[in-house]
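What follows is the residue order along each chain.
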Amino acid sequence: MQIIYEYHDVSASERLEGLAKEKLENLANKFDFVHRADVFFKKENRSDDQEMFCDIRLSMPGPRIFASSNSETFEAAMSETIRDLQDQLRKVKEKMTAH
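Definitions and limits used
- Residues numbered from 1 in each chain as written.
- Predicted model: local features only at pLDDT ≥ 70, side-chain atom pairs only at ≥ 80, totals over all residues.
- Heavy atoms only, no water.
- Core = buried A, V, L, I, M, F, W, Y, C linked by side-chain atoms within 4.5 Å.
- Buried < 20%, exposed > 50% of the residue type's maximum accessible area, 1.4 Å probe, protein only.
- Helix = DSSP H or I, 4+ residues; strand = E, 2+ residues; numbered from the N terminus.
- Contact = heavy atoms within 4.5 Å.
- pLDDT = per-residue confidence, 0-100.
- Axes fitted to C-alpha atoms, helices over the stretch in contact; angles between N-to-C directions.
- Parallel < 35°, antiparallel > 145°, perpendicular 65-115°, else oblique.
- Left-handed = near helix turned anticlockwise from the far one by under 90°.
- Nonpolar A, V, L, I, M, F, W, Y, C, P; charged D, E, K, R; others polar.
- Expected span 1.5 Å × (residues − 1).
- Pairing = 2+ DSSP bridges.

Counting 25 residues, the largest nonpolar core has Leu24, Leu27, Phe41, Ile56, Leu58 and Leu89 as the members making the most contacts within it. Contributing elements (two or more residues each) for this core: strand S1 (2-8), helix H1 (14-30), strand S2 (36-43), strand S3 (52-59), strand S4 (65-71) and helix H2 (74-98). Discounting chain neighbours no more than four positions away, the residues touching leucine 89 are Leu27, Phe31, Phe33, Val34, Leu58, Met60 and Ile65.

This is how it looks when you write it as structure tokens:
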């Protein structure tokens, strides 16, 4: 799977990229039809502490799927985003096997 990283108002981090790669490869092993992931890390000023955002868009045959979450850390936001994507991918796979 091809993984592309983008950073907005945040400096690039090999540690974050490594963690994202590990989690996305686990998804790719379960759902082999996913061929590309675009990972966006951004920081926004907010009144609460939930200012770290992780957005992930997955490309596959058919429509793309997207999930976004925010938390106090990028790691927590990424974990929540991956969980959301896993739920969406499970539904897509169920539809594929039903046909």
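So much for the structure itself; the text now carries on.
Bringing the confidence of the model for the protein into the picture now. Low pLDDT means the predicted atomic positions in that stretch should not be read closely. The share of residues in the protein with pLDDT of 70 or more is 99%, and the mean pLDDT across the chain is 93. Least confident of the elements in the protein is H2, whose mean pLDDT is 92; most confident is S3, at 97.

Look at H1 against H2: their axes get within 11 Å of each other, and the N-to-C directions meet at 15°. The angle between H1 and H2 places the two elements in the roughly parallel class. Where H1 crosses over H2, the handedness of that crossing is right-handed. Contact residues: Arg15, Leu16, Leu19, Ala20, Lys23, Leu24, Leu27 and Lys30 in H1; Phe74, Glu75, Met78, Ser79, Ile82, Leu85, Gln86, Leu89 and Lys93 in H2. Along the lines of polarity and charge, the residues of the contact of H1 with H2 split into ten nonpolar, two polar and five charged.

Moving on, we get to H2. Between the first and last C-alpha of H2 there are 36 Å, a value that for 25 residues agrees with the 36 Å anticipated at 1.5 Å per step. Those residues of H2 not exposed but buried are Phe74, Ala77, Met78, Thr81, Ile82, Leu85, Gln86 and Leu89.

Moving on, we get to the environment of leucine 24. Along the chain, leucine 24 turns up in helix H1. Since its relative accessible area comes to 0%, leucine 24 is described here as buried. Sequence separation between leucine 24 and glutamine 86 is 62 residues, and the spatial gap between their C-alpha atoms is 9.9 Å. Setting aside its immediate chain neighbours within four residues, leucine 24 contacts Met1, Ile3, Ala37, Val39, Ile56, Leu58 and Ile82.

The sheet built from four strands is open, its strands ordered S1-S2-S3-S4 with mixed pairing. Looking at which strands have only one partner, the edges of the open sheet turn out to be S1 and S4. With direction set aside, neighbouring strand axes in the sheet form an average angle of 15°. Sheet topology places S2 next to S3; eight bridges connect them, and they run antiparallel. When the sheet's bridge partners are listed, phenylalanine 41 is paired in S3 with cysteine 54. Sitting on the sheet, H2 is in contact with S2, S3 and S4, with an inclination near 150° to S4.

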